[in-house]
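Observations on the model geometry
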Amino acid sequence: MRDRLIRNRTQLSNAIRGYAAEFGFNRRQGMAHIDPLLDRIQADESVPVLARELFAAQAEEYAQLQAQIAEVDAKLMAWHQGR
């Protein structure tokens, strides 16, 4: 399950970077760059409102995936420590 969540997160982050490039935003790789990229897009009023709304929906999905991964990681760690 963890691997599937990570694949989904990677796929989504690649899509976000690709869509952001269409609006002229750089596409630095790495998960640490996704949140700042999404923040820059939301703050840029030259990006159409509809596009910012769609990026916000992707940001919400990305945050949910991050939370699910963290939850699974915590459960796995607890299980390993309890053995």
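All values reported here derive from a predicted model rather than from experimental measurement.

With that settled, consider the packing of helix α2 (residues 34-43) against helix α3 (residues 49-81). One can describe the packing of α2 onto α3 by two numbers: an axis separation of 10 Å at closest approach and a directional angle of 155°. Considering the angle they form, α2 stands roughly antiparallel to α3. Taken as a pair, α2 and α3 cross one another with a handedness that is left-handed. Here I34, D35, L38, I41 and Q42 of α2 come into contact with α3, specifically with R52, F55, A56, A59 and Y62.

This brings us to the pattern of salt bridges. When the charged atoms of two side chains with opposite charge come close together, those side chains can pair. Using the criterion set out here, one finds two salt bridges in the structure. The partner of R2 in a salt bridge is D73, with the nearest N and O atoms 2.4 Å apart. Separated by 71 residues along the polypeptide, R2 in helix α1 (residues 2-22) and D73 in helix α3 bring together distant segments of the chain. Given a relative accessible area of 26%, D73 falls into the partly exposed group. E71 serves as the salt-bridge partner of K75, at 3.2 Å between the closest nitrogen and oxygen. Residue K75 and its partner E71 are located together in helix α3, separated by four residues, close to a single helical turn. Judged by its relative accessible area of 44%, E71 falls in the partly exposed class.

Reading the values: rules and limits
Residues numbered from 1 in each chain as written. Predicted model: local features only at pLDDT ≥ 70, side-chain atom pairs only at ≥ 80, totals over all residues. Heavy atoms only, no water. Axes fitted to C-alpha atoms, helices over the stretch in contact; angles between N-to-C directions. Helix = DSSP H or I, 4+ residues; strand = E, 2+ residues; numbered from the N terminus. Parallel < 35°, antiparallel > 145°, perpendicular 65-115°, else oblique. Left-handed = near helix turned anticlockwise from the far one by under 90°. Contact = heavy atoms within 4.5 Å. Salt bridge = Lys/Arg side-chain N within 4 Å of Asp/Glu carboxyl O. Buried < 20%, exposed > 50% of the residue type's maximum accessible area, 1.4 Å probe, protein only.

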